[in-house]
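Descriptive analysis of the structure
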Amino acid sequence: MKTNPGPVMLDVVGKTLNHDDKRRLAHPMTGGVILFARHYESREQLIALTHAIRAIRKDLLIAVDHEGGRVQRFKTDGFTVLPSMGALGTLWNQDVLHATKVTTAVGYILASELRACDIDMSFTPVLDLNYGQSQVIGDRAFHRDPRVVTLLAKSLNHGLALAGMSNCGKHFPGHGFAHADSHVAMPVDDRSLDDIMRDDIAPYDWLGLSLNAVLPAHVVYPKVDSKPAGFSRVWLQDILRSKLRFEGAIFSDDLSMEAARQGGTLTEGASAALRAGCDMVLICNQPEEAEKVLDALRFTPSKESQRRIKRMRPTGDALKWSKLVAEPRYLQAKALLRSTFS
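For the structure given in this document, a descriptive report is provided here. (Residues numbered from 1 in each chain as written. Predicted model: local features only at pLDDT ≥ 70, side-chain atom pairs only at ≥ 80, totals over all residues. Heavy atoms only, no water.)

With respect to the environment of Arg-144
When you line up the elements, Arg-144 lands in the loop between strand S6 (121-122) and helix H5 (146-162). Note: C-alpha distance between Arg-144 and Gly-132 (twelve residues apart in sequence) is 8.3 Å. Among all residues touching Arg-144, those that are not within four sequence positions of it are Leu-129, Asn-130, Tyr-131 and Asp-199. (Helix = DSSP H or I, 4+ residues; strand = E, 2+ residues; numbered from the N terminus. Contact = heavy atoms within 4.5 Å.)

In structure tokens, the structure reads:
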């Protein structure tokens, strides 16, 4: 009997699959795999790993945080070292049209290289505004101006789409204003809903139908709701779904982060995030704990939720690496990047 992928995305222990990994990947509550730098040694090894995952479940979504700059998981053995989004924002200040062209090239290189390794999606672009005060965002953000963030994100998304990859805007409704790093503390943003809607949420609104997915912030906005955005029906249902009419997928941020602990145990946190409106929850760097969630979670995604996740899969055939490195569009994009940042 054919089953649909489950609502949990987890990672594997190492660079190859062990017996425990295989059991977890085969679990009906598993729907995706997220990869990190520790899963990478070489392109050949990475391709062997993704193929081994596919051999267990063809329907699993394989994802990675691969933004460029500080957050790029694979940087050696042919992978292009990508600029930070902040560097693209600086380029915008100098030459708007050149910046949009280069940003499209970055999106295309990013997606085509990942797809050549059988990876479905990257959690990008960062839509946070750079207020110059977030410990964790910084130059991961394109710019302070929401209009610039929107236009550069549109260019990056266009590059991703040219390689058949979906995009995922993060961290909704905005992580740039809060000082604390949600990996180790609970960030709080005391601004009013009007202020957040006017500035930080604007890119989500303006990108509209071109935004395929959203990942909410582990940030509390007490003037709107007492719960962090990723556990809040106010943010995910009332604002994102109803007010902004967003119809794409919603992925939780990593539930093992310190700021997600308000959800209680990992299973309670996963349940709370799914009930609030997430389509898939991420549990990173704790495969054994993730397995406890798989076994304890009692949640059946709606048909619409399953469709939203299915739409995140890539479109078109991916070029193998040997073909990609000779493809004119890829070579042109690489040359543009080299001439801009060398």
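Considerations on the nonpolar core
Phe-74, Ile-119, Phe-172 and Trp-235 are the most contacted members of the largest nonpolar core, which totals 88 residues. In terms of residue count, the dominant contributor to this core is helix H4 (residues 96-116) (ten residues). Every residue in contact with Phe-74, bar those within four places of it in the chain, is listed here: Leu-35, Phe-36, Tyr-40, Leu-46, Val-64, His-66, Phe-79, Leu-114 and Ile-119. By size, the runner-up hydrophobic cluster in this structure holds 17 residues, among which are Met-9, Met-121, Ala-213 and Leu-282. (Core = buried A, V, L, I, M, F, W, Y, C linked by side-chain atoms within 4.5 Å. Buried < 20%, exposed > 50% of the residue type's maximum accessible area, 1.4 Å probe, protein only.)

Thoughts on the side chain of Asp-65
Counting through the fold element by element, Asp-65 comes out in the loop between strand S3 (61-64) and strand S4 (66-68). The class of Asp-65 is buried, set by a relative accessible area of 14%. A polar atom in the side chain of Asp-65 sits 3.1 Å from the side chain of Lys-170. Sequence-distant contacts of Asp-65, that is, excluding residues within four places in its chain, are made with Ile-34, Leu-35, Val-71, Gln-72, Arg-73, Ser-122, Phe-123 and Lys-170. (Polar contact = N/O pair within 3.5 Å; in protein donor to acceptor, adjacent residues only side chain to side chain.)

A word on the packing of aromatic side chains
Both the distance between ring centres and the angle between the ring planes are used here to describe each pair of aromatic rings. What the rule picks out here adds up to nine aromatic pairs. Where Phe-172 meets Trp-235, the ring centres are 6.1 Å apart and the plane angle is 85°; that geometry is what we call edge-to-face. Taken together, the residues Phe-172 in strand S7 (residues 169-172) and Trp-235 in helix H8 (residues 233-243) connect sequence positions 63 residues apart. Its relative accessible area of 0% is what places Phe-172 among the buried residues. For Trp-235, a relative accessible area of 0% gives the class buried. Taking 5.1 Å as the distance between ring centres and 65° as the angle between the ring planes, the aromatic pair formed by Tyr-221 and Trp-235 counts as edge-to-face. Of this pair, Tyr-221 sits in strand S9 (residues 220-221) while Trp-235 sits in helix H8; the two residues are 14 residues apart in sequence, bridging distant segments of the chain. The pair Tyr-221 / Trp-235 is uniform in exposure class, with both members buried. (Phe/Tyr/Trp six-rings, centres within 6.5 Å; stacked < 30°, edge-to-face > 60°.)

Considerations on the environment of Ile-62
The topology assignment puts Ile-62 in strand S3. You can call Ile-62 buried: its relative accessible area is 0%. The spacing of Ile-62 and Arg-147 is 85 residues in sequence and 31 Å in space, taken between C-alpha atoms. Sequence-distant contacts of Ile-62, defined by excluding residues within four places in its chain, comprise Val-33, Leu-35, Thr-50, Ile-53, Arg-54, Asp-118, Ile-119, Asp-120 and Met-121.

Some words on the sheet that holds strand S1 (residues 8-10)
With parallel pairing, the eight strands of this open sheet are ordered in space as S6-S3-S2-S1-S12-S11-S8-S7. The sheet terminates laterally at S6 and S7, the two strands that pair on one side only. Those strands touched by helix H9 (residues 266-276) are strand S11 (249-254) and strand S12 (280-283), and its axis lies near 150° from that of S12. (Pairing = 2+ DSSP bridges. Axes fitted to C-alpha atoms, helices over the stretch in contact; angles between N-to-C directions.)

Let's talk about H8
Those residues of H8 not exposed but buried are Trp-235, Leu-236, Ile-239, Leu-240 and Arg-241. Projected onto a plane normal to the axis of H8, the buried residues spread over an arc of 165° and lie on a single side. The exposed set on the far side of H8, more than 90 degrees from its buried face, consists of Ser-242 and Lys-243. N-capping of H8 is provided by Ser-232, with a side-chain oxygen placed 3.2 Å from the backbone N of Val-234. At the C-terminal side of H8, Arg-245 shows a positive phi close to 60°. (Arc of directions from axis to C-beta.)

Observations regarding the side chain of Asp-253
If you trace the backbone, Asp-253 turns up in strand S11. Although Asp-253 lies buried, it forms no salt bridge, and the closest oppositely charged side chain, Lys-170, sits 6.9 Å away as judged by the N-O distance. Filtering out sequence-adjacent residues up to four positions away, Asp-253 remains in contact with His-171, Leu-215, Pro-216, His-218 and Leu-282. (Lys, Arg positive; Asp, Glu negative; His and termini not counted. Salt bridge = Lys/Arg side-chain N within 4 Å of Asp/Glu carboxyl O.)

Focus on helix H3 (residues 85-94)
Three or more residues of H3 are buried, namely Met-85, Gly-86, Leu-88, Gly-89, Leu-91 and Trp-92. The secondary structure elements touched by the buried residues of H3 are S4, H4, H5 and helix H13 (328-341).

Details of the packing of H4 against H13
Look at H4 against H13: their axes get within 9 Å of each other, and the N-to-C directions meet at 125°. In terms of orientation, H4 and H13 fall into the oblique class. Of the two elements, H4 crosses H13, and the hand of that crossing is left-handed. Between H4 and H13, the residues in contact are His-98, Lys-101, Val-102, Ala-105, Val-106, Tyr-108, Ile-109, Ser-112 and Glu-113 and Arg-329, Tyr-330, Ala-333, Lys-334, Leu-336, Leu-337, Thr-340 and Phe-341, respectively. Across the contact of H4 with H13, the residue classes tally to ten nonpolar, three polar and four charged. (Parallel < 35°, antiparallel > 145°, perpendicular 65-115°, else oblique. Left-handed = near helix turned anticlockwise from the far one by under 90°. Nonpolar A, V, L, I, M, F, W, Y, C, P; charged D, E, K, R; others polar.)

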